[in-house]
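Working through the structure, step by step
Single-letter residue listing:
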Amino acid sequence: MKKKTSYAMAHEIKEEILATAHRIKIKDNINTDYIISGRYKFRISDPKELAQYVFNDIDPEFYKRVKPGDFLVAGENFGCGSSREQAPLALKTLGLGAVIAKSFARIFYRNAFNLGLLLLECNTNYIDDGDQLKYIPEKSVIYNESKGINVDIKPIPALMRRIIEDGGVIEHLKKNGGFRIEV
Amino acid sequence: MGKTLAEKILTNHAGRDVHAGDIAVCNVDFCFGQDGTSGLIMESFKKLGANVFDKTRFAMVIDHSSPSPNIGVSTVHKAMRDFANEKEVKLFDVGEGVCHQLIPERGYVTCGDLILGADSHTCTYGALNALATGVGSTDLAITVATGKNWFKVPESIKIIVSGKMPAGTYSKDIILHIIGTMGAKAATYKSVEFYGNAIKALSVDSRFTISNMAIEMGAKFGIMEADPKVLKWVKQHSIRQPNPAFADPDAHYGEVREFDITKLAPQVARPHTVDNVVSVEAVGGVKIDEGVIGTCTNGRLEDLEVAAKILKNRKIHRGVKMIVAPASKGIYLEAVKRGFVEIFVDAGAMVVAPGCGPCVGTHNGVLADNETAISTANRNFKGRMGNPNSNIYLGSPATVAASCLTGRIADPREHKKRLL
């Protein structure tokens, strides 16, 4: 059971976050068409309505299972394919605290951070559906409470960390008057 | 140390020396959005509270659902028209064509450019020696407002394609073979440079097909050299001065791959991933319900020409729906003049307005449950053509045309005499 929920991807990435892991049956190469199908993204502009169609073609009940703050867990190359920003937007609108994968496709990676959706890269073989996770930013690890193991996370690049801390790229630009790319 | 093409062009646009791994803010030469991404571009642009940085460096294209099939889409189209009028920026309205044909065709791209598009297949213009890549809507809105964006300088992969292309095979077969061999994530966040005598022998239109699909192995860029064919092409289409970039001989590549296509057979990607590639013989006989020729991958004049050669004075198989969507108005008109449209219609095909509809499943040929299509598009993801309970195979225009004649996936080399 969840002990504490933090919705707070915006602002400081210092706080430890507890979350439940959700896996979907396809592990690798989950494309943005699967995240949000063209059937819906061209027709629907309200993010809340769109969010009900997340993974509609591969796991239509997914949106009912997740609770705000939960982590989505996937394998390699998550978010490949189309550049549609509706994909991370719909995941963020569902309230997911983060997406964890072995790797991310590059357009999705930028889009997610731009919208303030946290992405974490690690070996997700150590995380099963329903596992209780604790993200510890200071140590760059996810502690898998259900298995009693630490999973190392690839450090988040400085610019991406600042974008998340500022609550998205638009807020980052407004706050800093430009991109703060220095390491 | 020497520089790759990506390092060269990003250095030119960053105003400082950059190498793989660096993050730099760069000036962008041109950017655009399409009707699937412009709704969010306009929203993010509004949030930024800025003006358009340079009205001549931004355009919007209505192509993904063109003309509109429903009220939701019509509302977005109208908002795009209003925005374009208000901001005095270029809008390519319904009927003009697919963004990845229009942007180069109308002269917005030249050699050495850095281009951003809110569409993943923006890498297409790599064939013109431009660094071009897809981004999301918010990234694009930032560039509309500032003329810039941040770039991570990618590592590069060199792919050398050599050998003479066998009859009945095309650039689509080359890129499907490369993706099938290397896999869908082989080039994630990397720049792919294509070289070799087999690339040099291709027309610029054929090269677009290869650069277009670089994203299907995850690549950020799929770039080629500016040879005389490219320089001639950009001179014909653009008034802008080309600034060709060349990689240094001592540039560093994370990987070098060589492909010999001398014995290449026509290639087909099976459902539901683009890297699930086999030779056409392996799927010969798979029954099809629909064939699509068009899209940003293969909707150009030479693609229509090869299909017309196969279909001339013939009828497509009973029960097969064949859809042809020329990539732009200009190509459509030329196909009319050359008699291709008459051949298609006479054969039983439908020639629809230029646009992306069939490929993205918005309209124009949505499949029923358990139906199978073969398409010249670049993606065969489950549900891509509008129905998750259908199957999509990908092949060259010749393979699609040959398959429409028999109602089963067919080898275009059976029509060798027509293809000479």
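Reading the values: the criteria
Residues numbered from 1 in each chain as written. Chains lettered and ligands numbered in written order. Predicted model: local features only at pLDDT ≥ 70, side-chain atom pairs only at ≥ 80, totals over all residues. Heavy atoms only, no water. Helix = DSSP H or I, 4+ residues; strand = E, 2+ residues; numbered from the N terminus. Rg over C-alpha atoms; globule rule 2.2 N^0.38 Å. Buried < 20%, exposed > 50% of the residue type's maximum accessible area, 1.4 Å probe, protein only. Contact = heavy atoms within 4.5 Å. Areas by Shrake-Rupley, 256 points an atom, 1.4 Å probe, with all protein chains shown as cover. Core = buried A, V, L, I, M, F, W, Y, C linked by side-chain atoms within 4.5 Å. Domains from an automatic or database assignment. Salt bridge = Lys/Arg side-chain N within 4 Å of Asp/Glu carboxyl O. Buried area = accessible area lost by both parts, 1.4 Å probe. Polar contact = N/O pair within 3.5 Å; in protein donor to acceptor, adjacent residues only side chain to side chain. Nonpolar A, V, L, I, M, F, W, Y, C, P; charged D, E, K, R; others polar. Pairing = 2+ DSSP bridges. Axes fitted to C-alpha atoms, helices over the stretch in contact; angles between N-to-C directions.

**Brief notes about the overall build of chain B**
When its secondary structure is counted, chain B shows 17 helices and 18 strands. Relative to the globule expectation of 22 Å for 420 residues, the C-alpha radius of gyration of chain B, 20 Å, shows essentially globular dimensions. Scored against the burial criterion, the 420 residues of chain B give a buried share of 64%. Across chain B, contacts joining residues at least 24 apart in sequence account for 77% of those joining residues at least 6 apart. Summed over all atoms, the accessible surface of chain B reaches about 14,500 Å², with 50% contributed by carbon and sulfur.

**Thoughts on the nonpolar core**
Phe55, Phe78 and Leu91 of chain A together with Ile159, Ile178, Phe194 and Met217 of chain B are the most contacted members of the largest nonpolar core, which totals 166 residues. Ranked by residues supplied to this core, first place goes to helix α6 (residues 171-182) of chain B with six residues. Residue contributions to this core reach at least three from each of two domains, namely domain 1 (5-259) and domain 2 (267-419) of chain B. If near-sequence neighbours (up to four positions away) are discounted, Ile178 of chain B is found in contact with Ile159, Val161, Phe194, Met217 and Phe259 of chain B. Listed in part, the 36 residues of the second largest apolar core include Val278, Val306, Val341 and Ile374 of chain B.

**Things to note about the pattern of salt bridges**
All names here are of chain B. The tally for this structure, following the rule as stated, stands at 34 salt bridges over all chains. Here Glu216 makes a salt bridge to Arg379, at a shortest N to O gap of 3.1 Å. Here the residue Glu216 occupies a position in the loop between α8 (204-212) and β10 (221-224), and Arg379 occupies one in the loop between β17 (372-375) and β18 (391-394), the gap between them amounting to 163 residues. Taking the relative accessible area as the measure of exposure, Arg379 reaches 2% and is therefore buried. With a closest N to O distance of 2.8 Å, Lys321 and Glu371 form a salt bridge. Of this pair, Lys321 sits in strand β15 (residues 321-325) while Glu371 sits in the loop between α15 (357-360) and β17; the two residues are 50 residues apart in sequence, bridging distant segments of the chain. According to the relative accessible area criterion, Glu371 is buried, its value standing at 16%.

**Quick look at the interface of chain B and chain A**
Listed by partner, the interface residues are 47 residues for chain B and 36 residues for chain A. Regarding the contact of chain B and chain A, the summed buried area is about 3,600 Å², with carbon and sulfur atoms giving 61% of it. In this assembly, chain B and chain A are joined by two salt bridges. On the surface where chain B and chain A come into contact, there are 16 residue pairs in polar contact (both at pLDDT 80 or more). Every element with two or more residues in the side of chain B that touches chain A is listed here: β1 (23-27), α2 (38-48), α3 (71-87), β6 (131-134), α5 (137-146) and β7 (148-152) of chain B. Each residue belonging to the side of chain B that touches chain A can be placed in one class, and the counts come to 17 nonpolar, 21 polar and nine charged.

**Side note on the domain arrangement of chain B**
Size of an interface: often given as the accessible area lost when the parts come together. All names here are of chain B. If you check the domain split of chain B, you get domain 1 (5-259) and domain 2 (267-419). Taken together, the 37 residues of domain 1 in the interface contact 38 residues of domain 2. Regarding the contact of domain 1 and domain 2, the summed buried area is about 3,000 Å², with carbon and sulfur atoms giving 57% of it. Measuring nitrogen to oxygen at the nearest pair gives 3.8 Å for the salt bridge that ties Lys329 to Glu96. Counting the contacts that link domain 1 with domain 2 gives 21 residue pairs in polar contact (both at pLDDT 80 or more). If one sorts the elements of the side of domain 1 that touches domain 2 by residue count, α6 sits on top with six residues.

**Focus on helix α1 (residues 5-14) of chain B**
Residues and elements named next belong to chain B. Where burial is concerned, most of α1 is hidden: eight out of the 10 residues are buried. When we look at burial in α1, the residues that qualify are Leu5, Ala6, Glu7, Ile9, Leu10, Thr11, His13 and Ala14. Of the residues flanking the end of α1, it is Gly15, one or two places downstream, whose phi is positive at about 75°.

**Things to note about the pairing of strand β1 (residues 17-23) of chain A**
Residue and element names in this part refer to chain A. With seven of its seven residues buried, β1 lies for the most part within the structure. By the bridge criterion, four bridges tie β1 to strand β5 (residues 132-136) in an arrangement that is antiparallel. The residue of β5 that forms the bridge with Ile17 is Tyr135. Pairing of β1 with strand β2 (residues 71-73), which is carried by three bridges, proceeds in the parallel orientation. By the bridge assignment, Ala21 is partnered in β2 with Phe71.

**Describing the sheet that holds strand β8 (residues 156-162) of chain B**
Residue and element names in this part refer to chain B. Spatial ordering of the open sheet is given by β10-β9-β8-β11, a layout of four strands whose pairing is parallel. Where the open sheet ends on each side, the last strands, each with one partner, are β10 and β11 (255-260). Ignoring which end each strand starts from, the neighbouring axes of this sheet average 20° apart. Packing against the sheet, α6 makes contact with β8, β9 (191-195) and β11, and its axis sits at approximately 130° to β11.

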